[in-house]
Amino acid sequence: MMFNRLLGPLVAAFILVPAATALAGPTVTVRVEGRDVTLLPATTVTLPDAKAPGNPCSGPVAALTKGAALEEATRGNWDRAGFTETILGESHTFAENDYWAVWLNEKYANGLCSDADQLQDGDRVLLLVDISGPPPSYAPSVFAMTLAAPATVAPGVAFAVTATEYRSADGSPGQSTPAPAGEVAITGGGATVTTGDDGTASVRLTARGPATLRASRSRGARSEPVSVCVTDGADGFCGTRVPGA
């Protein structure tokens with residue numbers, strides 16, 4: 001029958017057309033530093049191309065906000081408020097001028113749902129507990145921090161590390177000034193040292209193999225962990241080979 005002869009090829013054509021692939025948003029990292037411990041280490045997430053059900057943000061770029069990234073990284077384990085008070089079970093309600101400060105790429109950022117900070121590939125979102133100063137400025141007092149160290153060091157030989165704080169005088173979004181982080185504790189690999197006023201410290205590791213160092217202040221910010229590998233270059237550690245093996 002003519003109808004069946006026409007319908008068959010038409011159905012086949014629909015079957016052969018590939019389904020549309022869902023577009024993905026940018027891939028970013030999210031880290032949450034509680035008052036005393038890290039609540040969420042740096043976690044890489046790819047944002048959906050459309051607003052997720054738990055995302056509290058609105059507007060045309062809701063899927064590109066820091067709130068969208070926090071929703072993905074915590075799997076919804078926060079109060080889902082634009083001015084958040086609780087993340088991963090830890091609350092800061094400004095009762096003691098404490099609140100969750102939002103940082104983006106080591107700069108003080110706009111709020112979680114602000115469309116002024118549309119996320120892009122490689123962006124780094126950080127939430128940390130700040131204690132604001134007195135009015136009217138409510139200046140921040142806890143700042144994002146980074147730690148720099150050599151990738152490979154020799155056992156028992158001192159090497160230098162450098163801690164840097166990104167200070168914001170008044171909490172203006174999109175601004176920060178890198179400065180040496182003095183009096184910061186550097187721990188890891190069995191070592192504990194304190195940086196000087198220039199932000200540097202001398203560290204000595206004896207145990208061969210990979211170690212992790214971190215900079216932190218008491219009741220303050222912490223850097224991301226930094227990996228250091230201890231080897232003399234011919235001991236079988238850190239990808240090296242023992243001569244003659």
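Along each chain, numbering runs from 1 in the same order as the chain's sequence is written. For a predicted model such as this one, the threshold for reporting local features is a pLDDT of at least 70, and the threshold for listing and counting side-chain atom pairs is 80 or more; totals across whole chains, interfaces and linings nevertheless cover every residue. The side-chain values count all of the structure's non-hydrogen atoms but skip hydrogen atoms and water molecules.

Topic: the pairing of strand E16 (residues 226–230)
The buried fraction of E16 is high, at four of five residues. Pairing between strands requires that DSSP locate at least two bridges from one strand to the other. Secondary structure is summarised from DSSP: a helix means a run of H or I of at least four residues, a strand means a run of E of at least two, and numbering begins at the N terminus for each. Here strand E9 (residues 152–153) pairs with E16 via two bridges, running parallel. Note on E16: the bridge partner recorded for Thr 152 is Cys 229. In this structure, strand E15 (residues 209–216) lies alongside E16, joined through five bridges in antiparallel fashion. Within the sheet, the bridge partner assigned to Gly 209 lies in E16 and is Val 230. The classification of residues rests on relative accessible area computed with a 1.4 Å probe and restricted to protein chains. Under 20% of the type maximum is buried, over 50% is exposed, and intermediate values are partly exposed.

Re the environment of Pro 53
Its place among the elements puts Pro 53 in the loop between strand E2 (38–48) and helix H2 (66–74). On the basis of relative accessibility, which here comes to 89%, the residue Pro 53 falls in the exposed class. As a C-alpha pair, Pro 53 and Ala 68 span 15 residues in sequence and 9.9 Å in three-dimensional space.

Quick notes on the side chain of Glu 90
Tracing the backbone shows Glu 90 in strand E4 (residues 90–91). Think of it this way: Lys and Arg go in the positive column, Asp and Glu in the negative one, and His and the chain ends go nowhere. A pair is scored as a salt bridge if a Lys or Arg side-chain nitrogen falls within 4 Å of a carboxyl oxygen belonging to Asp or Glu. Arg 35 provides the closest opposite charge to the buried, salt-bridge-free Glu 90, at an N-O distance of 5.8 Å. Pairing of N or O atoms within 3.5 Å defines a polar contact, subject to two protein rules: one partner must be a possible hydrogen donor and the other a possible acceptor, and residues neighboring in sequence count only if both atoms are side-chain atoms. A polar contact of 2.7 Å, which involves the side chain of Glu 90, links it to the side chain of His 92. What Glu 90 contacts, discounting residues up to four positions off in sequence, is Gly 34, Arg 35, Leu 39, Glu 85, Trp 100 and Val 129. By the convention used here, residues are in contact when the closest approach between their heavy atoms is within 4.5 Å.

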